[in-house]
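The chain contents come next:
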Amino acid sequence: MTNLPVSASATRQPNGLPDAFFDRDAQTLARDLLGKIIRHRVGDLWLSARIIETEAYYCDEKGSHASLGYTEKRKALFLDGGHIYMYYARGGDSLNFSAQGPGNAVLIKSAYPWVDELSGPASLAQMLLNNPDAQGRPRPSQKLCAGQTLLCKALGLKVPVWDAKRFDHEVLLVEDVGPAPGHIIQTTRLGIPHGRDEHLMYRFVDAAYALYCTRNPLRRGQVEGRDYFFLT
């Protein structure tokens, strides 16, 4: 596949981020997760994707699930940073990580397939099989994880398996392989109903991958300083 990042590192076992990495302010975590690699081992394959888009959520703002109160289904949001919160969004699985403070979390909004010596062509081929288009044909690799449910489908992540769990570094982890994004775009979140704090700029996008996220924040009609900001 073209336009896929390929690491030159030698074959090795992945080194997952510690739970303490996630036990931080939700916006800080959302920014710092950009460029990190989600790895999910399925059989002998590590299916991997680079995080390119995240959204931060806080318990005290109306756009968050936690604002609706504690339930058994939402308990992961109220646990320490580094717990996995998964739910169904429009019938598909969706991946979130709890952050510092009860009810605060980060949604992994989209990613980009990652190929290196640990997650090679066979891993990418499996991800393509996991997530065909509506006609059953392979998706373009650049759009394979371009949305929260597409990401989970490509990586084979399921709500019943991972909701309210900690990371298991033998099976599921987030890894820092560097480098960090050179520029980050901050903008409003997607799909927030009117009147539920839809104006809050809690969405973060790796600018180098803006074309491949859920919705390009640099699309025609968007104005810097009004609709989005650049962070370095």
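This structure is a prediction, so every number in the text was calculated from the model and none was measured.

Rules of the game
Residues numbered from 1 in each chain as written. Predicted model: local features only at pLDDT ≥ 70, side-chain atom pairs only at ≥ 80, totals over all residues. Heavy atoms only, no water. Helix = DSSP H or I, 4+ residues; strand = E, 2+ residues; numbered from the N terminus. Salt bridge = Lys/Arg side-chain N within 4 Å of Asp/Glu carboxyl O. Buried < 20%, exposed > 50% of the residue type's maximum accessible area, 1.4 Å probe, protein only. Core = buried A, V, L, I, M, F, W, Y, C linked by side-chain atoms within 4.5 Å. Contact = heavy atoms within 4.5 Å. Pairing = 2+ DSSP bridges. Polar contact = N/O pair within 3.5 Å; in protein donor to acceptor, adjacent residues only side chain to side chain. pLDDT = per-residue confidence, 0-100.

Here glycine 178 and proline 179 are connected by a cis peptide whose omega angle stands at -10°. For proline 179, the location among the structural elements is in the loop between β6 (172-175) and β7 (184-187). The backbone of arginine 90 sits at a positive phi, close to 55°, despite the residue not being glycine. If you trace the backbone, arginine 90 turns up in the loop between β3 (84-89) and β4 (92-98).

Moving on: the pattern of salt bridges. Tallying each qualifying case throughout the model produces 12 salt bridges. The partner of arginine 166 in a salt bridge is aspartate 19, with the nearest N and O atoms 3.5 Å apart. Here aspartate 19 lies in helix α1 (residues 19-22) and arginine 166 lies in the loop between α5 (159-162) and β6, a separation of 147 residues in the sequence. Its relative accessible area of 31% is what places aspartate 19 among the partly exposed residues.

With that out of the way, let us pick up the nonpolar core. Ranked by size, the top nonpolar core spans 42 residues in total, and within it Phe22, Leu33, Ile38, Leu95, Phe97 and Ile108 carry the most contacts. Leave out the neighbours within four places in its chain, and leucine 95 touches Ile38, Ile84, Tyr85, Met86, Val106, Leu107, Ile108, Cys152 and Leu157. Core analysis: the second largest hydrophobic core is formed by 10 residues, Tyr57, Leu77, Ala89 and Leu107 among them.

What follows is about the pairing of β6. Every second residue of β6 is oriented toward a common face, with Leu172 and Val174 on one face and Leu173 and Glu175 on the other, all of them buried. Where strand β1 (residues 37-42) and β6 come together, 4 bridges link them in antiparallel fashion. Within β6, the position partnered with arginine 39 by the bridge is leucine 173.

Right, let's talk about the side chain of histidine 40 for a bit. Assignment of secondary structure puts histidine 40 in strand β1. The class for histidine 40 is buried, based on a relative accessible area of 7%. In terms of polar contacts, histidine 40 uses its side chain to reach the backbone carbonyl oxygen of leucine 155, at 2.6 Å. Ignoring anything within four residues of it in the chain, the contact list for histidine 40 reads Leu45, Trp46, Leu47, Leu155, Gly156, Leu157, Trp162, Val171 and Leu172.

For the rest of this paragraph, the subject is the confidence of the model for the protein chain. Mean pLDDT over the protein chain stands at 94; residues scoring 70 or higher make up 95%. The low-confidence segment residues 6-10, where pLDDT is below 50, has 8 contacts with residues more than four positions distant or belonging to other chains.

Time to look at the environment of proline 132. Tracing the backbone shows proline 132 in the loop between α3 (121-130) and α4 (148-155). Separated by 56 residues in sequence, proline 132 and threonine 188 place their C-alpha atoms 29 Å apart. Those residues in contact with proline 132, other than ones at most four positions away along the chain, are Arg137 and Arg139.

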